[in-house]
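Next come the chains, spelled out residue by residue.
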Amino acid sequence: MNRIPFLKMHGLGNDFVVIDRRSGPARGLTLDARQIRRISDRRLGVGCDQFILIDPAEGDPLAAGGADAVMRIHNADGGEVEACGNATRCVGFLLMAETGLARATIATAAGHLLASADSEGTAAGLITVDMGPARLDWQQIPLSGPADTLHLDGVSEGPLTDPVAVNVGNPHVVFFVDDAEAVDLERLGPPLEHHPAFPRRTNVEVAHRIGPDRIRMRVWERGVGITAACGTGACAAAIAAIRRGLTGRTVQVVLDGGPLSITWTDDNRVLMSGPVATSFEGTLDPSLLA
Ligand SMILES: N[C@@H](CCC[C@H](N)C(=O)O)C(=O)O
């Protein structure tokens, strides 16, 4: 069996195994949830928060209307999900490096996302992605029934109450607290991720304001646990802060892994800027695919 090449990349420490199925030994490779869990395992496999597949745009229904490539996203638990902000920046960086252009369109289950960089940005690995619109209606989160997403009743855990629900391609619930560092996310994250209000489960953010347009945020990711950064989580927390009147429309979100800049435009586009990095490349031992 041919060994399958992979790249290990990250955005602020939110890390990915990236496999390019457009050509070479990975072309046509299919993997089930058990194999993805094994590859994502930090002791038995390569280790990552999300497992990312890059597919050709040609003939893929997700790429209808035109895109440079398709990105499919799996959490470390093997489940396929709609969106990943940090991985979108990483894949955008790879596609722009291939073409030498400063823009790339990536088709995802959450829609077509435009990644861009100025020439200086490309060299430094600083990439912006238009993550599309913020979805604020209860059906779009989705929630299990009608509710005010700006003050979501009935979803609380310990000291965490009165959250904001936002969908940025994937579901998020954001709690504003006095001190995000002090929240026991390891304990409070799991019951909130699986709370019956969220039929597709949810990502969970805790945040507090640290300046006029700055918030500190920590995340419990659906299908993973605590991660160093979550791009869509940063978008969700920024939108929640803006909706609550805590900040202006451009917000620096400081995560465990560092800062992301988020802008929510007047025409409801969510723009996220931050760094990407490649850690190493390798090939998967065939035993991981057994
Ligand atoms: N780390 C990501 C989000 C990945 C998906 C998320 N865990 C989910 O289940 O929706 C990001 O950078 O956005």
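Conventions and cut-offs
Residues numbered from 1 in each chain as written. Predicted model: local features only at pLDDT ≥ 70, side-chain atom pairs only at ≥ 80, totals over all residues. Helix = DSSP H or I, 4+ residues; strand = E, 2+ residues; numbered from the N terminus. Rg over C-alpha atoms; globule rule 2.2 N^0.38 Å. Buried ≥ 20, exposed ≤ 12 C-beta atoms within 10 Å, placed from the backbone. Domains from an automatic or database assignment. Contact = placed C-beta atoms within 7 Å. Nonpolar A, V, L, I, M, F, W, Y, C, P; charged D, E, K, R; others polar. Core = buried A, V, L, I, M, F, W, Y, C linked by C-beta atoms within 7 Å. UniProt positions renumbered as here; feature names shortened; annotations may be inferred.

Section: the overall build of the chain
Helix and strand counts for the chain stand at five helices and 17 strands. Relative to its length of 290 residues, the chain is compact, with a C-alpha radius of gyration of 18 Å against a globular reference of 19 Å. Summarising its shape, the C-alpha atoms of the chain cover approximately 55 × 40 × 30 Å along the three principal directions. Taking all 290 residues of the chain together, the buried fraction comes to 47%.

Quick look at the domain arrangement of the chain
For the chain, the domain assignment lists domain 1 (4-131 + 276-289) and domain 2 (164-268). The distance between the C-alpha centroids of domain 1 and domain 2 comes to 23 Å. Contact residues are listed per partner, giving 18 residues for domain 1 and 19 residues for domain 2. In terms of residue class, the side of domain 1 that touches domain 2 is built from seven nonpolar, seven polar and four charged.

Some points on the nonpolar core
Among the nonpolar cores identified, the biggest contains 92 residues, and Ile52, Ala234 and Ala237 are the most heavily contacted of them. The leading source of residues in this core is helix 5 (residues 231-243), at eight residues. Each of domain 1 (4-131 + 276-289) and domain 2 (164-268) contributes no fewer than three residues to this core. Excluding residues within four positions of it along the chain, Ala237 makes contact with Val174, Glu205, Ala207, Ile215, Met217 and Val253.

Considering the UniProt feature "active site" (unreviewed entry) in the chain
Taking the UniProt record as the reference, the feature "active site" (unreviewed entry) is found at Cys84 and Cys230. Spanning 147 residues, the annotated positions come together in the fold, the maximum distance between their C-alpha atoms being 7.6 Å. Looking at the secondary structure, you find Cys84 in the loop between strand 5 (80-81) and helix 2 (85-99). Once residues within four sequence positions are removed from consideration, Cys84 is found in contact with Gln50, Ile73, Gly231 and Thr232. By secondary structure assignment, the location of Cys230 is in the loop between strand 13 (225-227) and helix 5. Residue Cys230 is classed as buried on the basis of its 36 C-beta neighbours within 10 Å. In contact with Cys230, other than residues within four places in its own chain, are Asn14, Asn203, Val219 and Glu221.

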